[in-house]
Amino acid sequence: RAFILLKGNIALYPDSQGAGERTDIYRGAVFGEKRFRLGDEGMRDCIAAAAHCEEACMVGVITTAALEAAYSDRAFGNARIAQSWRQVPELSSVCKSEQKLGTEQGTSAANSQKTTPDDNQDKDSSGAVAHGLRDLSKVATTIHLRTGQELICNESLDESVLVVSKGALEVRGDITVTEKLDALPAKKVRIRIHVDRAENLAGDSIFDKLDPYCIVKMGENKKFQTPVLWNVGVNPKFEYNGVFTYQNEESIEFTVMDFDKYSADDLCGIGTITTAELYDGFKGAVKLFRPKRGIFKADDDLEPEFAGKVFIKVTWDYEKVSALSKVAKSKSWKDQELFMLGEQACWGHEHIMLQHLFMRTLEGAVNNMPYTLTLSNIRVLGATQKGGNPVVSCWKASKQRFVEFVKHTGREKPFLQACRISSLEKQTHLKTIVKRLIKKWEIEEETNKLRRGLLGGPSIEEAIDPSRFRIAYRGFKAHISVRSACNLTGGGLFDILDPYAILRFRNSKQPAFRTGVLQDAGADPVWDCGGKMLYNGETALEISVWDYETNSADDLLGTGVITVEQFCSGFEGMIPLALPGGKKKKTMKQMVIIIGIQWPPLEQTPSASQTWGTNPSNAITGGNGGTLVGFSNTR
């Protein structure tokens, strides 16, 4: 039994002695020691072990026997409810035999007496439909809602079937669209520059042929240098490959210098080309200029003079956008109208028959868009009606009762196919709504960019968080490329350097990466070798360059460090080398080593919303509709 408070104020306690947290209830509240149910419906009641009247109260007693007597007509079924369910268009595939029987009863008596096996089968099926509708009408609950009032049940709406008998219901929910990173075009991540040769360089003389080298610079901190070519004159052939990580830099600068051992190097020429001109597979020349020299020195006021050309080839490396390098854009619209259910419309039957495939079908409305769709917080409310009628009426049946009704009619397969078709129709309707919202969102974003002056400008790269990188790439192998070194100090006239390099992640227990020894390579070795190193979240990469000795210990020439903040996005460039023991180099030329670090792309793991974005037609029609989904636990 349960109690209903008709007047007054009562305090409820969870303990029979009146201890514990107090809960006050007022007129209209149902309370008792356990949950109270009427048929398939539960009451919104309060559970307590003790009650105390705060004032003079009037309390009614509700018993199951009393309510069963009040609703005793349910035992005979409600013909009006059964007739209304029969007229629902969404249930026509179940009630088809009943309608066919009604048509056949209008024919002549002679024809009706001539029965065939098919006619007998239809009569048996129609009888099953009529019997199933009578049983369903016995347990269907009538619900009255006011305009804007939400339908609240103990069980989820997914576990019920609703049929509108008067007025209209509104299905509302939250719509969230998220950008698909794998649908974005691959971005440029590296530019590979082959410095082929130069011609007609300025600065050559009869007594001192040029010893040229080329410095290629992109941005403020990215540059590489070709080895020095000794006594080659004005038409050197560098044939050197360099790589830069690309982060929307606008131009690349080429500087050709003439090496001088005992003084500052001389400028042969400098030229610039924009990255917008460098398409994939570019082959061409960059014109070099230098300040025009006056009688005694260069005059900055004079026009620069032509100083030759540098011939280059360019290729680009592309990678797909990953969740580590870019946060997917997302937009949510709260409490949006999804569907409007008029009289004799049905809601809930598709979800019961198709289960999770129904929501997957609805969220597949954005399959041909670069977004994923998520529907959440779905609610049913009374819709505003024309004419000012504030009350909406509908009938509600539980999942178990509805499944038993469909099974009893023996028309599971046609009804399942009808649910698939209606789901696709709802998907088409939802697609129109989502397209309109996305269009509005895109216009808002373009307007905001116009206000900030960013429309048409270069996209802003999002920096990778080093802490996220260390976790995401733990256990991955980095591809290390050791290209060359410049201005190494050591050796002598009769002992030319035999350099090699060792690279190791700081405090790593994994084997270090070591280049080969270049015998008699001197101060500007070119290794051009590569390999892989296992990364376990270390914070820095340590580099050391050594001079190989046959009969004694190898000599350390210099050391360098690159931190995780520098290599988490990939690295291509020069790293300064410091002399061992904190010594200072006597010459002005800084020792550097040129290396590259590349990371494999992360696997794109689909999120829950992405998983729901499969092809709805494939998702619904898989298995040829041979069995009815979700009928195993209904007995």
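Colleague: Help me out: how do you make sense of the side chain of Thr515 in this one?
Modeller: Mapped onto the fold, Thr515 is located in the loop between β27 (513–514) and β28 (526–534). Classification of Thr515 by relative accessible area gives buried; the value is 4%. In terms of polar contacts, Thr515 uses its side chain to reach the backbone amide nitrogen of Ala501, at 2.9 Å. At 3.4 Å, the side chain of Thr515 forms a polar contact with the side chain of Trp527. The residues touching Thr515, leaving out its near neighbours within four places in the chain, are Val482, Tyr500, Ala501, Trp527 and Cys529.

Colleague: So what exactly am I meant to see when it comes to the sheet that holds strand β12 (residues 169–179) here?
Modeller: In sheet architecture, strand pairing relies on hydrogen bonds along the backbone and comes in two forms, parallel and antiparallel. Strand order in this open sheet of three strands is β21-β12-β23, and the pairing throughout is antiparallel. Two strands close off the open sheet at either side, each with one partner strand: β21 (330–341) and β23 (371–382). Within this sheet the neighbouring strands show an average axis-to-axis angle of 25 degrees, counted without direction. Two elements, β12 and β23, share ten bridges in a ladder whose sense is antiparallel. Across the sheet, residue Thr176 finds its bridge partner in β23, namely Thr374.

Colleague: Help me understand the sheet that holds strand β30 (residues 555–563), please; the structure alone is not making it clear to me.
Modeller: Taken together, four strands build an open sheet; the order of strands is β27-β26-β29-β30 and the sheet is antiparallel. Of all strands in the sheet, those bounded by a partner on one side alone are β27 and β30. Of the pairings in the sheet, the one linking strand β26 (residues 499–505) to strand β29 (residues 540–547) comprises seven bridges and is antiparallel in character. Residue Ile502 lies in a different strand from β29, and its bridge partner there is Ser544.

Colleague: Is there a simple way to think about the environment of Val286 in this case?
Modeller: For Val286, the location among the structural elements is in strand β19 (residues 282–290). In the structure, Val286 is positioned 88 residues away from Ala198 in sequence and 9.3 Å away in space, judged by C-alpha atoms. For Val286, the residues in contact, after removing those within four places along its chain, are Phe254, Gly271, Thr272, Ile273, Gly308, Lys309, Val310 and Ile312.

Colleague: How should the pattern of salt bridges be read in this particular structure?
Modeller: Opposite charge on two side chains permits them to pair, given that their charged atoms come into close proximity. Using the criterion set out here, one finds 18 salt bridges in the structure. Within this structure, Glu150, Glu170, Arg172, Asp335 and Arg379 form a network of salt bridges that share partners.

Colleague: How should I be thinking about empty space enclosed by the protein in this particular structure?
Modeller: Any empty space left between the atoms is revealed when a probe the size of a water molecule rolls over them. Using the criterion set out here, one finds one cavity of 30 Å³ or more in the structure. The calculated volume of the largest cavity comes to roughly 30 Å³. Arg504, Phe505, Ser508, Gln510, Pro511, Ala512, Met533 and Leu534 are the residues that line the largest cavity. Listing elements by their share of the lining of the largest cavity, those giving two or more residues are β26 and β28.

Colleague: Looking at this structure, how should I read the packing of aromatic side chains?
Modeller: Two numbers describe a pair of aromatic rings. These are the distance of the centres and the angle of the planes. By the definition in use, this model includes 24 aromatic pairs. Ring geometry for Phe289 versus Phe306: centroids 6.1 Å apart, planes at 80 degrees, classification edge-to-face. Taken as a pair, Phe289 in strand β19 and Phe306 in strand β20 (residues 305–319) lie far apart in primary sequence, 17 residues in all. For Phe289, a relative accessible area of 33% gives the class partly exposed. Phe306 sits in the partly exposed class, given a relative accessible area of 44%. Here the aromatic rings of Phe469 and Phe567 are separated by 6.4 Å at their centres, their planes lie at 70 degrees, and the arrangement is edge-to-face. Placement of Phe469 in helix α10 (residues 466–472) and of Phe567 in helix α11 (residues 564–567) is noted, with a sequence separation of 98 residues between them. As far as burial versus exposure is concerned, Phe469 and Phe567 are alike and both buried. Each residue in the set Phe469, Tyr473, Phe476, Phe505, Tyr535, Phe567 and Trp599 is aromatic and connected to the rest through ring pairs, giving one cluster. Across from the ring centre of Phe311, 3.9 Å away, lies the NZ or CZ of Arg197, which sits over that ring. Here the guanidinium or amino end of Arg514 rests over the ring plane of Tyr500, the centre of that ring lying 4.1 Å away.

Procedures and definitions
- Residues numbered from 1 in each chain as written.
- Predicted model: local features only at pLDDT ≥ 70, side-chain atom pairs only at ≥ 80, totals over all residues.
- Heavy atoms only, no water.
- Helix = DSSP H or I, 4+ residues; strand = E, 2+ residues; numbered from the N terminus.
- Buried < 20%, exposed > 50% of the residue type's maximum accessible area, 1.4 Å probe, protein only.
- Polar contact = N/O pair within 3.5 Å; in protein donor to acceptor, adjacent residues only side chain to side chain.
- Contact = heavy atoms within 4.5 Å.
- Pairing = 2+ DSSP bridges.
- Axes fitted to C-alpha atoms, helices over the stretch in contact; angles between N-to-C directions.
- Salt bridge = Lys/Arg side-chain N within 4 Å of Asp/Glu carboxyl O.
- 1 Å grid on protein atoms, 1.4 Å probe; cavity = no way out; pocket = protein on both sides within 12 Å on 5 of 7 lines; lining within 4 Å.
- Points joined across faces, edges and corners; volume = space filled by probe spheres on them.
- Phe/Tyr/Trp six-rings, centres within 6.5 Å; stacked < 30°, edge-to-face > 60°.
- Lys NZ or Arg CZ within 6 Å of the ring centre and 35° of its normal.

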